[in-house]
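# Reading the structure
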Amino acid sequence: MELIVARGREDLVKARRAGEVALVPTMGALHEGHRSLIRQARARADQVVVSIFVNPLQFGPNEDFSRYPRTWDADLDVCRAEGVDVVFHPDAEEMYAPDRQVSVSAGHMGSIVEGAFRPGHFDGVLTVVLKLFNLVQPDLAVFGQKDAQQLAVIRRMVADLDLPIEILGAPTVREPDGLALSSRNRYLSDDDRQVALELSRALRAGAAELTPARVRAAAGEVLDAAGSRIAVDYLALVDPATFAEVDESYAGTAVLAVAATVGTTRLIDNITLTLNPA
């Protein structure tokens, strides 16, 4: 079946088929990580919709909205190769009226860890995701674990607002050397890319430990050794559902998350681990 490109609600209504619909929201610049999300959606649903929209609401005033990679033709090739049924590619005017007043608040979860460094970011994420849910009307949606806090706040929104949508998390896809795939990796110079490997190395070092204190110490040691080559915003060991920092008595599944700037590129990464302080 030929790939359908939908620009607005009417196009989506015409394109919808009987059966279960899966949505994969993206901002384009599709890579192997996005392909893994599409494949998970394809395995679960009768119709797969990929949205491609660089959402201005989730970028701060000094962030990279204007230079965020936009690779439309290549993205369509990826979608065709992965058997996507519909690409939803609205423009900003379709998504946001000039007199728009209502948006979604991510609450406290949106103001901690990543949210503390990007005020309003998760409000913008949830606003666009809710609009996509309302427009596409999916039965399920797939998001990457690489954006672990985003996944957590979306799950909380779905629960708090009683949305009839199943949220699936897909594992982070990495390069053979451990670097997490990201559309922003293309900004890294060859030297910066080698430095950026210290982020995943720090996460692996932390994940090899069992107590919160030793996890933080092991990961922090790797980042400290990198010195000024990496400007760390945070290294956080958190509850995966709330993103609150865990205390020293915490046992069970946790997320070790890091954000740092290498060269001029800000990167995030995380790893899921099991704590057993006893």
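Anything mentioned here points back to the structure above.
Scope of this entry: the structure provided in the associated data block.

Conventions we followed
Residues numbered from 1 in each chain as written. Predicted model: local features only at pLDDT ≥ 70, side-chain atom pairs only at ≥ 80, totals over all residues. Heavy atoms only, no water. Phe/Tyr/Trp six-rings, centres within 6.5 Å; stacked < 30°, edge-to-face > 60°. Helix = DSSP H or I, 4+ residues; strand = E, 2+ residues; numbered from the N terminus. Buried < 20%, exposed > 50% of the residue type's maximum accessible area, 1.4 Å probe, protein only. Axes fitted to C-alpha atoms, helices over the stretch in contact; angles between N-to-C directions. Parallel < 35°, antiparallel > 145°, perpendicular 65-115°, else oblique. Left-handed = near helix turned anticlockwise from the far one by under 90°. Contact = heavy atoms within 4.5 Å. Pairing = 2+ DSSP bridges.

### Some details on the packing of aromatic side chains
- Counting across every chain of the model gives four aromatic pairs.
- Note on Phe 53 and Tyr 96: the rings are 6.1 Å apart at their centroids and 50° apart in plane angle, and the pair reads as tilted. Of this pair, Phe 53 sits in the loop between strand S3 (47-52) and helix H3 (72-81) while Tyr 96 sits in the loop between helix H4 (92-95) and helix H5 (114-117), placing them 43 residues apart in sequence. For the pair shown, Phe 53 and Tyr 96 are each scored as buried.
- An angle of 40° between the planes, with centres 5.7 Å apart, marks the rings of Phe 117 and Tyr 234 as tilted. In this pair, Phe 117 is assigned in helix H5 and Tyr 234 in strand S7 (residues 231-238), connecting sequence segments 117 residues apart.
- Overall, the relative accessible area of 11% leaves Tyr 234 in the buried class.
- In textbook terms, an aromatic cluster arises when at least three aromatic residues are bridged by ring pairs, as seen for Phe 59, Phe 65 and Tyr 68.

### A closer look at the packing of helix H8 (residues 190-207) against helix H9 (residues 212-226)
- The N-to-C vectors of H8 and H9 enclose an angle of 155°; their axes lie 7 Å apart at closest approach. Of the possible angle classes, the one that applies to H8 and H9 is roughly antiparallel. The hand of the H8/H9 crossing is right-handed. Facing Glu 198, Leu 199, Arg 201, Ala 202, Ala 205 and Gly 206 of H8, the residues of H9 in contact are Val 215, Ala 218, Ala 219, Val 222, Leu 223 and Ala 226.

### Focus on the sheet that holds strand S6 (residues 166-170)
- The parallel open sheet is built from six strands, whose spatial order is S1-S4-S3-S2-S5-S6. This sheet does not close on itself; its edge strands, each paired only once, are strand S1 (4-6) and S6. Strand-to-strand twist of the sheet, defined as the mean angle between neighbouring strand axes without regard to direction, takes the value 25°.
- Sheet topology note: the strand S5 (residues 140-144)/S6 ladder contains five bridges and is parallel. Bridge pairing links Gly 144 to Ala 170 in S6.
- Across the sheet, helix H7 (residues 148-160) touches S5 and S6, and the angle it forms with S6 is around 170°.

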